[in-house]
Amino acid sequence: HLGEGHVDSIESLYALGRSLHDLEENVDALAVYEWTYRLQRRAYGPGHVYALRTACNVARIHRTCGNGAAALEACDATIKVGRESLGESHPFVLDMVAMRGMVLHELGHTEEASKVLGDVVRWTRDVSGSNNPVFEDHLAKCLGGPCLLAEGKPGAAAA
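Residues numbered from 1 in each chain as written. Predicted model: local features only at pLDDT ≥ 70, side-chain atom pairs only at ≥ 80, totals over all residues. Heavy atoms only, no water.

Peer 1: What is the right way to look at the packing of aromatic side chains in this model?
Peer 2: The description of an aromatic ring pair uses the distance of the two centres, along with the angle that the planes make with each other. Under the counting rule described, the total for this entry stands at two aromatic pairs. Aromatic pair Tyr-14 and Tyr-33: ring centres 5.8 Å apart, planes at 40°, arrangement tilted. Of this pair, Tyr-14 sits in helix α1 (residues 7-22) while Tyr-33 is found in helix α2 (residues 26-44), placing the two residues 19 residues apart along the sequence. Taken together, a centroid distance of 5.8 Å and an interplanar angle of 75° make the contact between Tyr-44 and Tyr-50 edge-to-face. On the basis of relative accessible area, Tyr-44 is assigned to the partly exposed category, the value being 21%. The ring of Tyr-14 carries Arg-53 above its face, with NZ or CZ at 3.7 Å from the centroid. (Phe/Tyr/Trp six-rings, centres within 6.5 Å; stacked < 30°, edge-to-face > 60°. Helix = DSSP H or I, 4+ residues; strand = E, 2+ residues; numbered from the N terminus. Buried < 20%, exposed > 50% of the residue type's maximum accessible area, 1.4 Å probe, protein only. Lys NZ or Arg CZ within 6 Å of the ring centre and 35° of its normal.)

What follows is the structure in structure tokens.
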């Protein structure tokens, strides 16, 4: 018996959560992810990429289940730790900021959502040095309309 704090046990537990998530067994997946996240924070530290990966999935499950307040709280906590440990432009951080914007949109905070998602598009352009049409198209589909940026201004419809 390796014990629940052993790296192999933690990764097996994450794999179980991921399988439940894929099967849309969201209540069970959430419980397993939360348990995994507690173990990962203890074993690796809260800012480790594995712990942040699991925290991202906790937020995704909350969002899928329609619990916007919990999703927003999970996003905010993960963004804070991710920025401190990985930096502003790390993919996990950008993913969580984008999810935060989508949750804000779903909760009816469209102006704040527009600003947040516009910032993500700009950060993505700054990091890559070019537009990311796949990412921008994804945002447009998630929001049911054109991209939030035109001329670099959050909230403006794309031309």
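Peer 1: Whenever I open this one, the packing of α2 against helix α3 (residues 49-64) confuses me. Can you help?
Peer 2: For any two helices packed against each other, the geometry is given by the interaxial angle and the distance between the axes. At a minimum axis distance of 9 Å, the contact between α2 and α3 shows a crossing angle of 155°. With respect to α3, the element α2 is oriented roughly antiparallel. In the packing of α2 onto α3, the handedness of the crossing is left-handed. Of α3, the residues touching α2 (which contributes Asn-26, Ala-29, Leu-30, Tyr-33, Glu-34, Thr-36, Tyr-37, Gln-40, Arg-41 and Tyr-44) are Tyr-50, Ala-51, Arg-53, Thr-54, Ala-55, Asn-57, Val-58, Ile-61, His-62 and Thr-64. Each residue belonging to the contact of α2 with α3 can be placed in one class, and the counts come to 10 nonpolar, seven polar and three charged. (Axes fitted to C-alpha atoms, helices over the stretch in contact; angles between N-to-C directions. Parallel < 35°, antiparallel > 145°, perpendicular 65-115°, else oblique. Left-handed = near helix turned anticlockwise from the far one by under 90°. Contact = heavy atoms within 4.5 Å. Nonpolar A, V, L, I, M, F, W, Y, C, P; charged D, E, K, R; others polar.)

Peer 1: Help me out: how do you make sense of the packing of α1 against α2 in this one?
Peer 2: One way to put it is that α1 packs onto α2 with a least axis distance of 8 Å and a crossing angle of 155°. The orientation of α1 with respect to α2, classified from their angle, is roughly antiparallel. Relative to α2, the crossing made by α1 is left-handed. Contacts between α1 and α2 involve Val-7, Ile-10, Glu-11, Leu-13, Tyr-14, Leu-16, Gly-17, Arg-18, Leu-20 and His-21 on the former and, on the latter, Asn-26, Asp-28, Ala-29, Val-32, Tyr-33, Trp-35, Thr-36, Leu-39, Gln-40, Ala-43 and Tyr-44. For the contact of α1 with α2, the per-class residue count stands at 13 nonpolar, five polar and three charged.

Peer 1: Looking at this model, I keep getting lost on the state of the cysteines. Mind explaining?
Peer 2: Disulfide: a covalent bond formed between the sulfur atoms of two cysteine residues. Following the criterion strictly, the structure yields zero disulfides and no others. A disulfide-free cysteine, Cys-75 has its sulfur positioned 8.0 Å from the sulfur of Cys-56, the nearest such atom. (Disulfide = S-S within 2.5 Å.)

Peer 1: I'm lost on the side chain of His-62 in this one. Help?
Peer 2: When you line up the elements, His-62 lands in helix α3. The residues touching His-62, leaving out its near neighbours within four places in the chain, are Leu-30, Glu-34, Asn-67, Ala-70 and Ala-71.

Peer 1: What is the right way to read the nonpolar core from this model?
Peer 2: For soluble globular proteins, nonpolar side chains are generally found buried alongside one another. Grouped together as the largest cluster of nonpolar side chains are 30 residues, with contacts concentrated most on Tyr-33, Ala-59, Cys-75, Met-96, Val-97 and Met-99. At eight residues, the largest contribution of residues to this core is made by helix α5 (residues 91-106). (Core = buried A, V, L, I, M, F, W, Y, C linked by side-chain atoms within 4.5 Å.)

Peer 1: Got a minute to help me understand the environment of Ala-43 in this structure?
Peer 2: In this fold, Ala-43 is placed in helix α2. Taking the relative accessible area as the measure of exposure, Ala-43 reaches 42% and is therefore partly exposed. Put simply, Ala-43 and Ile-10 are 33 residues apart on the chain and 8.8 Å apart in space, counted from C-alpha to C-alpha. In contact with Ala-43, other than residues within four places in its own chain, are Gly-5 and Ile-10.

Peer 1: Teacher, can you tell me more about the environment of Glu-111 here?
Peer 2: With respect to the element layout, Glu-111 can be found in helix α6 (residues 110-128). Overall, the relative accessible area of 71% leaves Glu-111 in the exposed class. Separated by 10 residues in the primary sequence, Glu-111 and Gly-101 place their C-alpha atoms 9.8 Å from one another.

Functional significance is not addressed by these values, which are geometric in nature.
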